[in-house]
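# Notes for the structure review
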Amino acid sequence: MVTSVNETPAVSTSPPTVRSRRLRRVVSTVTAGGLLSTYLSIIVILPVVATIATGVGASPDTTSGSWWPGDWVWHSNFSAFVDAIGAPAAWHAIWLSVWLSLLAASVNTVMGALIAWVLVRDRFRGQKFIESFVDIPFALPTIVAGVVFIYLYGPASPVHVNLFEAWTGLFVALLFVSLPFSVRTIQPVLVAMDRDVEHAARTLGASPWRVTRSVIIPSLVSPALAGFGLAFARCVGEFGSISLIGGGIARTTTASTYIYNLTQGFLWQGAAAVSTILLLISVTVLTGATWFAASFHDRRAL
Amino acid sequence: MPIQLSNLSKNYGQGAVVADVNLEIPSGELTALLGPSGSGKTTVLKMIGGIEKPTTGRIVIEGRDVTDVDARYRDIGYCFQAYAPFRHMSVAKNVGFGLSVRGTAKKEIRQRVGELLELVRLSDKANRYPAQLSGGERQRMALARALAIEPQVLLLDEPFGALDAVVRSELRSWLKELHQRLHVTTILVTHDQEEAMDLAETLVVMHQGRIEQVGRPLEVYDQPVNSFVQSFLGPTTLFDGVTIRPHDLVVSPSGPDVVTNIDDLGFEIRIAVTRASGEQTWVQLSRPEFLDTKIASGDAVSVSRR
Ligand SMILES: Nc1ncnc2c1ncn2[C@@H]1O[C@H](COP(=O)(O)OP(=O)(O)OP(=O)(O)O)[C@@H](O)[C@H]1O
Ligand SMILES: [Mg+2]
């Protein structure tokens, strides 16, 4: 589209103008792309690569004096990587993280959708107040959340609910930290939704439940999936609150806590190895959710 | 089915958006609700369709008071101003939605949808999604979807509002033909007087939530009850202090009046004249008429009634 618009004047203008315009376009594309990829590289890709490199025990021999990593002689310690991720405790921790995160993200996707619904469709006193509550998990350092949970749901619980050192404690903490994601991804879609689409379904004879099932829920699938992916990734990465409420025992050691424990013993490669696996899982779920949401969305978006 | 609106009002908190509307809509006819933007046309339609509750008043369809009946039990086909397609459903699923809600057998739905798509000339687009349709096609899909439930009443809210002039007039004549074939009681909302004059058997002119005039289109055009209706239905000008239609005036060469400007719009020519009395008026001529008079800007002419 952009090409055709830009090239239309080519018929009427003299060649140098066209060439300089084309050049400018190429330059601007290259600069924009270059800036973006440089920024992304420094902020995201570099640490990711470094994590994986550390995980597989990659160590460069730079005696050749070249600045280019491709010229270096690389040694790796792959067996240590295998050992690190093959340890039963590591697997236990990773598995615990994954299923707890899946569970918390699922529950929050449903609850988040309901909260978003109430915030958008209902009008009641104190709505604005409740609305601002939703973002508190974003604002509160999770270590603080951990302290609060230990007080609230710990051995000295004022409500007599002791979740200390239990998976339920971890679960409640994960529910807390991942709540905002699905609310905040679904809410704008609900706000932008054309109410006449629901009205149309009603005039065609649909019951309220049928309207929900056939009209409202399908249009929330993509934001819900996006929210699910983000919430899952957030849960897998959570450390502060669950390291506290888990109590430091083996049974409740999640992947992030396990990694922390390794670093306390200066086992850097092991820590990076488990991190690599964690990273892999998160990226898979995130891209899976995004891809699925996009494939559901593409042709249907107006 | 005849529709009776009695003392219908809608209040959204501040003032009345629809105020005390009394109207009898004849059975099997096409009635046009005509009025400027914000005059309450959509609101009236939504109350008939059961989407908005009237603040006061009753709605009776074929002797049945439906004022408190839920939209889904009213048996009304409603085409919304922005088409309101189900965007995650294919065209065929959209059209068949009303039938599938009613629990019609799959085979019968397929057959009915096939017929309807043929009727609205979308048979080759059955498996597309609304996003892949043009505006005119989306409108026809919405119409087929509303017709699928074999409604006793069809409500069309500016069905051609967002379309370009060519598609508009094409769809207009198609709708006219369709109405003559099906004879469903239809209410069409529009702010385009030409569209209303062309399609409607009964014309209802609305202004600021009230009905100004009801009647046959030509009747309303020729005998407007007030200057609002008169100017809304077509251009007006002053002649001897009286408001009349500029096509009811003629110019002839030589006389006390002076041509100040000529706007040539193709078929239509608008001639601005300053009269001897100082009155500013203008005359609307067709191209052949204009060519016969042979007048030019600055000429001395005389203006008279036909
Ligand atoms: N939900 C609402 N809440 C408050 N005011 C409303 C609401 N819906 C419509 N109105 C007001 O009611 C008036 C009439 O609206 P309506 O949509 O019936 O106009 P309309 O004649 O259909 O106009 P248009 O030709 O622009 O579609 C407008 O002034 C509008 O602002
Ligand atoms: Mg309207």
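Residues numbered from 1 in each chain as written. Chains lettered and ligands numbered in written order. Predicted model: local features only at pLDDT ≥ 70, side-chain atom pairs only at ≥ 80, totals over all residues. Heavy atoms only, no water.

### Here's the deal with the coordination of the magnesium ion (ligand 2)
Residues and elements named next belong to chain B. Taken together, the protein donors to the magnesium ion (ligand 2) comprise Thr42 (OG1) and Gln81 (OE1), at separations of 1.8 to 2.6 Å. Taken together, the positions of Thr42 in helix H1 (residues 41-49) and Gln81 in the loop between strand E6 (76-79) and helix H2 (91-101) put the pair 39 residues apart, joining distant regions of the chain. Residue Thr42 is classed as partly exposed on the basis of its relative accessible area of 24%. Given the relative accessible area of 37%, Gln81 is considered partly exposed. (Donors = N, O, S within 2.8 Å, 3.2 Å for Na, K, Ca; no water. Helix = DSSP H or I, 4+ residues; strand = E, 2+ residues; numbered from the N terminus. Buried < 20%, exposed > 50% of the residue type's maximum accessible area, 1.4 Å probe, protein only.)

### Quick notes on the domain arrangement of chain A
Interface size is commonly expressed as the accessible area that is lost once the parts come together. All names here are of chain A. Taken domain by domain, chain A comprises domain 1 (23-55) and domain 2 (79-301). Taken over C-alpha atoms, the centre of domain 1 sits 29 Å from the centre of domain 2. Taken together, the contact between domain 1 and domain 2 spans five residues of the former and eight residues of the latter. Summing both partners gives a buried area of about 470 Å² for domain 1 against domain 2, and 75% of it is carried by carbon and sulfur. Of all residues in domain 1, the largest losses of buried area upon contact with domain 2 belong to Thr51, Thr54 and Gly55, amounting jointly to 75% of the total for that side. In this structure, the connection of domain 1 to domain 2 is made through zero salt bridges. (Domains from an automatic or database assignment. Contact = heavy atoms within 4.5 Å. Buried area = accessible area lost by both parts, 1.4 Å probe. Salt bridge = Lys/Arg side-chain N within 4 Å of Asp/Glu carboxyl O.)

### So, the site of ligand 1
Residues and elements named next belong to chain B. Every one of the 13 residues lining ligand 1 counts as a neighbour, but Ser37, Gly38, Lys41, Thr42 and Thr43 are closest to it. Within the backbone of Gly38, an N or O atom sits 2.8 Å from an oxygen atom of ligand 1. Within the side chain of Thr43, a nitrogen or oxygen atom sits 2.5 Å from an oxygen atom of ligand 1. Of all the elements, H1 adds the most residues to the shell around ligand 1, at three residues. Grouping the constituent residues of the shell around ligand 1 by class yields three nonpolar, eight polar and two charged. (Near = heavy atom within 4 Å. Polar contact = N/O pair within 3.5 Å; in protein donor to acceptor, adjacent residues only side chain to side chain. Nonpolar A, V, L, I, M, F, W, Y, C, P; charged D, E, K, R; others polar.)

### Description of helix H5 (residues 165-182) of chain B
All names here are of chain B. Taking 1.5 Å of rise per residue, 18 residues should cover 26 Å, and H5 covers 25 Å from first to last C-alpha, within 8% of that figure. The secondary structure elements touched by the buried residues of H5 are strand E3 (30-34), helix H3 (106-119), helix H4 (135-147), strand E7 (153-157), strand E8 (185-190) and helix H6 (193-199). For H5, the N-terminal cap is Asp164; the gap from its side-chain oxygen to the backbone nitrogen of Val166 is 3.0 Å. Following H5 by one or two positions, His183 adopts a phi angle in the positive range, close to 55 degrees. (Expected span 1.5 Å × (residues − 1).)

### Structural notes on the sheet that holds strand E14 (residues 268-274) of chain B
All names here are of chain B. The four strands lie next to each other as E15-E14-E13-E16, forming an open sheet whose pairing is antiparallel. Two strands in the sheet have a free side with no partner beyond their single neighbour: strand E15 (280-286) and strand E16 (300-305). Taking the axes of each pair of neighbouring strands and ignoring which way they run, one obtains an average angle of 55 degrees across the sheet. Strand direction decides the pairing type here: strand E13 (residues 249-264) and E16, joined by seven bridges, are antiparallel. Considered in E16, the bridge of Val251 is made with Val303. (Pairing = 2+ DSSP bridges. Axes fitted to C-alpha atoms, helices over the stretch in contact; angles between N-to-C directions.)

### Regarding the interface of chain B and chain A
Contacts between the two partners involve 30 residues from chain B, matched on the other side by 21 residues from chain A. Together chain B and chain A conceal approximately 2,300 Å² of surface at their shared face, both sides included; 63% is due to carbon and sulfur atoms. When the buried area of chain B at its contact with chain A is split by residue, Arg72, Arg87 and His88 of chain B rank highest and sum to 25% of it. The interface formed by chain B and chain A contains two salt bridges. Residue Arg202 of chain A is joined to Asp70 of chain B by a salt bridge in which the shortest nitrogen-to-oxygen separation is 3.7 Å. Across the chain B-chain A interface, the total number found is five residue pairs in polar contact (both at pLDDT 80 or more). Contributions of two or more residues to the side of chain B that touches chain A are made by H1, E6, H2 and H4 of chain B. Ranked by the residues each element gives to the side of chain B that touches chain A, the list is headed by H2 of chain B, at four residues.

### A closer look at unusual backbone geometry
All names here are of chain B. For Ala84, which is not a glycine, the phi torsion comes out positive at approximately 45 degrees. Unlike most non-glycine residues, Arg121 shows phi in positive territory, near 55 degrees. Mapping Arg121 onto the fold places it in the loop between H3 and H4.

### Considerations on the confidence of the model for chain A
On average, residues of chain A score 88 in pLDDT, and 92% of them reach the 70 mark or higher. Here residues 1-13 of chain A is modelled with pLDDT under 50, and outside its nearest four sequence neighbours on either side it reaches eight contacts, counting other chains as well. (pLDDT = per-residue confidence, 0-100.)

### Quick word on the side chain of Lys125 of chain B
Residue and element names in this part refer to chain B. Mapping Lys125 onto the fold places it in the loop between H3 and H4. Given a relative accessible area of 14%, Lys125 falls into the buried group. Here Glu137 takes part through its side chain, which lies 3.1 Å from a polar atom of the side chain of Lys125. Setting aside chain neighbours within four positions, we find Lys125 in contact with Val91, Leu133 and Glu137.

### A word on the nonpolar core
Taken as a class, soluble globular proteins show a tendency for nonpolar side chains to be buried jointly. By size, the foremost hydrophobic cluster in this structure holds 50 residues, and its most contacted members are Leu5, Phe86, Leu155 and Ile187 of chain B. A total of five residues in this core trace back to one element, the largest contributor, which is helix H10 (residues 208-237) of chain A. (Core = buried A, V, L, I, M, F, W, Y, C linked by side-chain atoms within 4.5 Å.)

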